[in-house]
Structure formats: structure tokens, C-alpha cells
Amino acid sequence: MSEAADEAAGAEEAAAGEMAAEEPVVVAEEVVKRYFDGGRRVLAIDGVSLEVAAGELVVLMGPSGSGKTTLLGLLGGLITPTKGDVKVAGRSVVHMRDHHRTAWRRRHVGVVFQELMLVPGMSLLENVLLPLAPLGGAGKDEVARAEALLARFGLGDERDARVRRLSGGERQRGALARALVLEPNVLLLDEPTAHVDAENAEAMLELIAEETARGRAVIASTHDPRLAEDARVSRVVRVEAGKLA
Amino acid sequence: MSEPVGGWRRQRALLDYALGSLRRRGRRNGAMVVALMVVVGVYASVLFLSESLRHEWEQTLEATPDLVVQRMVAGRPTTIEAGALEAVVPTDAPGVRRAWARTWGYLFVEAIGANLTVIGAGPGERAFARSLVGEPLPAEEGEVPFCLVGDALAERLAVRPGDRLAIPDARQETRVLEVAGVFDAASALHVADVMVVREATARELLALPAGQATDLAVELARPEEAPVVAAGIRERMPDARVIDRRALVRTYELTFDGRSGLLGALLVPCLAALFLLAWDRLTGLGDAERREIGVLKAIGWETRDVIAARLWESALVAIAGAWLGVLLAYGYVFGLGAPGLAGALFGWSALHPELALTPVIDATQAWTLVGLVVLPFVGVAVVPAWRAATLDPDEAMR
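This write-up is about the structure you can find in this document. None of these values were measured; they are calculated from a predicted model. (Residues numbered from 1 in each chain as written. Chains lettered and ligands numbered in written order. Predicted model: local features only at pLDDT ≥ 70, side-chain atom pairs only at ≥ 80, totals over all residues. Heavy atoms only, no water.)

1. Describing the side chain of Arg25(B)
Residues and elements named next belong to chain B. The following threshold applies: Strands are runs of DSSP state E lasting at least two residues, helices are runs of H or I lasting at least four, and both sets are numbered from the N terminus onward. For every residue, the accessible area obtained with a 1.4 Å probe (protein chains only) is divided by the maximum for its type, and the residue is called buried under 20%, exposed over 50%, and partly exposed between those limits. Throughout, a residue-residue contact means that at least one pair of heavy atoms, one from each residue, lies within 4.5 Å.
Looking at where Arg-25 falls in the secondary structure, it is placed in the loop between α1 (7-24) and α2 (26-62). By relative accessible area, which is 17% here, Arg-25 ends up buried. Sequence-distant contacts of Arg-25, defined by excluding residues within four places in its chain, comprise Glu-289, Glu-292, Arg-310 and Glu-313.

2. Comments concerning the packing of aromatic side chains
Filter applied, for reference: Each aromatic pair joins two rings of Phe, Tyr and Trp (for Trp, the six-membered one) with centres within 6.5 Å, and gets the label stacked for planes under 30 degrees apart, edge-to-face for over 60, and tilted for any other angle. By definition, being over a ring means that NZ of Lys or CZ of Arg is both within 6 Å of the ring centre and within 35 degrees of the ring normal.
Evaluated as defined, the whole model comprises five aromatic pairs over all chains. Seen in terms of ring centroids, Tyr17(B) and Trp301(B) are 4.8 Å apart; in terms of plane orientation they differ by 65°. Their pairing is edge-to-face. With a gap of 284 residues between them, Tyr17(B) in helix α1 and Trp301(B) in the loop between α9 (287-298) and α10 (303-335) connect regions that are remote in the sequence. The interplanar angle of 65° and the centroid separation of 4.9 Å between the aromatic rings of Tyr330(B) and Phe334(B) together place this pair among those described as edge-to-face. Separated by four residues within a single helix, Tyr330(B) and Phe334(B) lie in helix α10, roughly one turn from each other. Clustering of aromatic rings is evident, with ring pairs tying together Phe48(B), Tyr330(B) and Phe334(B). Residue placement shows Arg91(A) over the ring face of Trp104(A); its charged tip is 5.5 Å from the ring centre. Its guanidinium or amino end placed over the ring of Trp100(B), Arg98(B) lies 4.1 Å from that ring's centre, counting from NZ or CZ.

3. Section: the environment of Tyr252(B)
Residues and elements named next belong to chain B. When you line up the elements, Tyr-252 lands in helix α8 (residues 245-283). Relative accessible area serves as the criterion here: at 22%, Tyr-252 is assigned to the partly exposed category. Taking the C-alpha atoms as reference points, Tyr-252 and Leu-61, 191 residues apart in sequence, are found 9.9 Å from one another. Sequence-distant contacts of Tyr-252, defined by excluding residues within four places in its chain, comprise Trp-57 and Leu-61.

4. Details of the interface of chain B and chain A
To keep it simple, the criterion reads: The term buried area means the drop in 1.4 Å probe accessible area that two parts suffer when joined, counted for both and summed. For this document, the term salt bridge refers to a Lys or Arg side-chain nitrogen within 4 Å of an Asp or Glu carboxyl oxygen.
In this assembly, 29 residues from chain B lie in contact with 34 residues from chain A. Roughly 3000 Å² of surface becomes buried between chain B and chain A when both sides are summed, with 56% attributable to carbon and sulfur atoms. On inspection of chain B and its partner chain A, the count reaches two salt bridges. The shortest N-O distance in the salt bridge between Lys297(B) and Asp98(A) comes to 3.0 Å.

5. Looking at the environment of Ala13(B)
With respect to the secondary-structure elements, Ala13(B) resides in helix α1. Judged by relative accessible area, which is 11%, Ala13(B) ranks as buried. Once the C-alpha coordinates of Ala13(B) and Ala309(B) are considered, the two residues, 296 residues apart in sequence, prove to be 9.0 Å apart. With sequence-adjacent residues up to four places away left out, Ala13(B) is seen in contact with Ala133(A), Gly136(A) and Gly137(A).

6. Details of the packing of α9(B) against α10(B)
Residues and elements named next belong to chain B. To keep things clear, this is the line we draw: Structural elements are reduced to axes, namely lines fitted to C-alpha atoms, with helices fitted over the stretch in contact, and the angle between N-to-C directions of any two is expressed from 0 to 180 degrees. Just so you know how the angles are binned, under 35 degrees is roughly parallel, over 145 roughly antiparallel, 65 to 115 roughly perpendicular, and the rest oblique. Crossing handedness follows the turn of the near helix against the far one: under a right angle anticlockwise gives a left-handed crossing, and clockwise gives a right-handed one. Throughout, the ten residues Ala, Val, Leu, Ile, Met, Phe, Trp, Tyr, Cys and Pro are labelled nonpolar, Asp, Glu, Lys and Arg are labelled charged, and all others, Gly among them, are labelled polar.
Here α9 crosses α10 at 135°, and the two axes come no closer than 9 Å. On the basis of their axis angle, the class for α9 and α10 is oblique. Considering how the two elements wind past one another, α9 and α10 form a crossing that is right-handed. Along its contact with α9, which presents Glu-289, Ile-293, Leu-296 and Lys-297, the element α10 presents Thr-303, Val-306 and Arg-310. For the contact of α9 with α10, a count of residues per class yields three nonpolar, one polar and three charged.

7. Here we look at the sheet that holds strand β1 (residues 26-37) of chain A
All names here are of chain A. Operational definition: Paired strands, as defined in this entry, are two strands with at least two bridges between them according to DSSP.
Reading across the sheet, the four strands line up as β2-β1-β4-β5 and stay open at both edges, with antiparallel pairing between neighbours. Sheet topology places β2 (40-52) and β5 (91-92) at the edges, where each strand pairs with a single neighbour. One ladder, built from five bridges, connects β1 with strand β4 (residues 83-88); its direction is antiparallel. In the sheet register, Glu-29 faces β4, and the bridge partner there is Asp-85.

Here it is in C-alpha cells:
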């Protein structure tokens, strides 16, 4: 598809997004995910249906290997389901072509990975601005927004620091800033408190709650009870053996 | 936020990312640049050297008469009666523009360990001698016979115009010559060891008896008639060997094409080894790179963005390596005189004084060489990135 056609599709999609404001931002319908692991067929997710509305903070809780990270990937369009459908901001991301799905995800979904996944040789600011490269790079406005995010997350002085010099908590908040730089409707967090101490976990939770209050749909997978029991969480969804308990 | 933007802004942003990747993987990319530089440098050296020698020989052959007639005794060339010229090559023979007897030969000067080519500037050589110095030969013989020498020879003999030069003749008797001029021709090979003197001086230096000439030179109205004229000469002089300039051209071309081709063929394993190394290093994406691609996909990079960034990165490495190799070859061939490699292309013939090659580059060949290196290299680097980028981000990150 040409750039112009992409742009037209973008406008249509934006309209669809607005129309869908009253509807759940993320909808999973009978989603199944199977994959092969060393020749063995694994059923990772088995017929899960879930809806998440704007302004909700939903926690996927379950033991290791229960399928919560896979479910998180499916809900954000990072993983293609074997069966079922996933709608993000009113559109099915399952039946989109790869580049449309990627563009849709860029527009509507921010992700913070368990392993943080910042690029080590780059500065923190460069990492935060990385999602902007396919859009032609960062202009003054985008840089200002990224700097404001870093300042809000207590990283204003670390903007030029290389990632490997940052602490675990700082990396966590940096990854969150990167996920938010394009102002997505949906924020996916994989084990957001796994690699940080209690103080940093509380700071992270506070930031997540702020984003929820701003109207984003936030979905976090965790096996940390602190997060699941927090009063700011809207709903806890238990995942066991690929199913919702 | 505005969605997709024009191609150039996007490419510039991806190029910025690629430059950052080059820095981050500096050691690996640096090793690739060096490896490419060495292989391209060796190939380009052979290319430059053979092109330069071809140019030298073309220059040399331009100054060569259409036909040269030598008298053969016991299978070897010997002197020829200058008086036989009219009988062997009649001036009214069909196709012959002019013919003349030449006085020239080699003189070994032990002090510099070099063979000089002494040319007697007779009527036929005056134009040649004039072309070297750009002015007529001195009109009158002075107190001391004059000579003209090439700049390389002048340097070797440590003489300048106006200096006197004492060299032994063929009978090892010392002769004193005055250096009347130093020529600096566009082509080094055909004048590198030349000394131009008057015909009489040449006879003395070479111990060539009066009435004898080294050979006969023939200029033709139409060079394509050379076989017919040569046949007539052989009829009139059965012990003659007639050398056709066009045959020399073919011989030199075959010689240098063959030698450079052989050297090129010997280098094929080097190139193959390099590509195997590149394939090994680039196709097996490391875990970190694979995860980086997964992250890029997850944060909104499309497959084409990942491929474009990778393409920029590998193209920069390949172009830098290839052009550094070309520059390295230029310095090695034209700056240093291609030590080691020149011997393989020159063959048995050692040139003294040292031959300074005139820089001649076939731009098409240079671009072709760069293209032949850059395109496969970029392909080798992009394919694995494409394979990783077409996976779900989650799979790429595992």
C-alpha cells in the first residue's frame, strides 16, 4: 500500500477509534494459541475471551508458564492467535496484513517487556524516541514530549545516559516512557514489578495508576501479589493452564 | 500525532538508527570493513596494475613503426646493412609511406646496474625525440656530444640539464656526454630507460660499425596492409623477420590479460572465504540482535523499516570497505609501485630504472568491482534480518 493509502487508512482508523470510545478498547473472543516447542505441540491459550475498557487497570495473575505473557502478547497484537479474534481500538488485528497491524499497534498499543528491552548502546532519550523513527524521526515537539515524560518519571537528569549505566528501576521507568511516547490507548506491561525493589515497585504502580486515570486501558501480567492486591487495580484476571480461572 | 510521512524523512531517521547500530557493533563492523578493504584492495591492485601496464604498452606501441624489419642470423636478430633499405623496402612500394634505418641498442651501465636503451636520433627518430622534450634537438654538436634522458634515468644517474655524464661504451671506454634535456613523458614505460643521442654518438656508444643499422622501420599509409607489405619484404629479403605492430598489440594484450586473469583467479578463494565469513557472521543473528529486531517490531517498526535500517547498516559497511580497498590499491600501485605484485605481472623482465606507473583507472571496472562486492554483501546481511523481522515480535524476542 502507498504512503497516501496508508494515511487514508490511518484517518479511517482514527475515526473508528473515536467511534469505539464507548466500547471496550481491547476485546478477545475465544482466542486459542498453539505452538510447537521442540516438536511438541503446546496449547498455550485455550479459548480465552476478555474485554478491557478505557481507564481500566486489569492484572493477569498466574504462576509461571500459565500463559499470561502469551495472552498479553495476543491482546496487543504482538502474537497472532491460532484461532479466535482480537480487536484493539475497534478493529480486528488478527486479519490485518503485517504492516497494517504494526502501524495499528504503533498507534494504539504501548508495551513494556519483562526484560525491559531497551537498546543497551543507546541513550535513554534515544530509546524513548525509537518508536518515532518509522514516522520520520522526532521533531522538536516529540523531543519535548519525551523529555517531559522522562522528567515526570524522575529521569530528567538521565536523558543522555547510556542504558547500561541505569539502575533496574530507572530502566523500568524508561521503558514505560518509551511505551507512552506515541500516546497509545492501550498499555501492556509484562511483570512490571519483577526486577525492582519495593520502593521502585510502588513508584511504578503510581505511574501506572496515573496512566489509567488518563483514560488508558492498562493490562499487566504478574505473579507479584503486591500488584494484584493493590487498591488501584480495577480487576484481577486469573490465568491457569492457558484458561481464565 | 501524524501518521506515515514522506520516504526521505523516514529513510533519514532509519539511517540515523543504522549509524547508531554501526557504532554499537563497532568491533564486528570494523572487522568487516577491514576484511572487505583487504580483498577489494588486492583485486583492485591487480586491476589498476594491469590497466596501467596496458596503457603503458599502448603508449609504447603508438611510438612503434607499423613494421620493423630485422635480419636474422642463427635464429637471432643481428645488424642490417643500412644501404639495403631501398632494395628491401623500395620507397615506391605500394602502401609504404616512408622507411628508414634505425640506430639503437642496449648499453649496460654497471655503476647503476641498469640497461639503457640508446636511441640514435636519425631522420626517423627526430620527431620522436622532439615529442619527448617538446623542442627541437640541439642543432649543432658542441664540444661534447649531447644526450636527452628520461626523468627516472636522470634521477638514477643524478644528473640535471647542463651536467656532464661519463658512461662506458660497449667497448668499456669512457664517453662524456652533456645532458641537454630531461623529458617527462605522460607514459613512463616507453621512456623509462631511454637515452636519446645523435646517430653518430649512438654508433660510438653501441660500437655499431658505419653503414650498419639495428633494424629498418616502415611507416604504412594504411596499417591494415601490413601483411601484404611484410610478405613483399620477406620475398626481397628471405632472412628477414618482419614484426607487425598489430601483432605486438595482440601479444601484449594476451600476456597482460592472461596474467591479470590468472592473478584474479587465484584471488577467487580469498573472496569466497570472505563471503563465507560474512555469511557466518551475518546470517547467524545473535540473540541480542534478534531480540532488538523483536523489540523494534513490538514498538511499531514495520518489517520494511527493520530491513531498511539493516540495509543502510550493511551498505555503509560494504561501501566503506570497498572504497577504502580501492583507495588502498591506488596508493599501493601508484604510490608504492605495487611491490610484490608488479613482479608477477611484469614477468621475467625487470625494468631499470624503476618504472613509475602512470595512474590509469577504468572507472567502469572500479564501479563494477565495488558493485560486485557491495550487492552480495548487503544481500547476505539483509536476508536474516528480513527473516527475523517477518516473525511475530514475540517469536523474534524468544
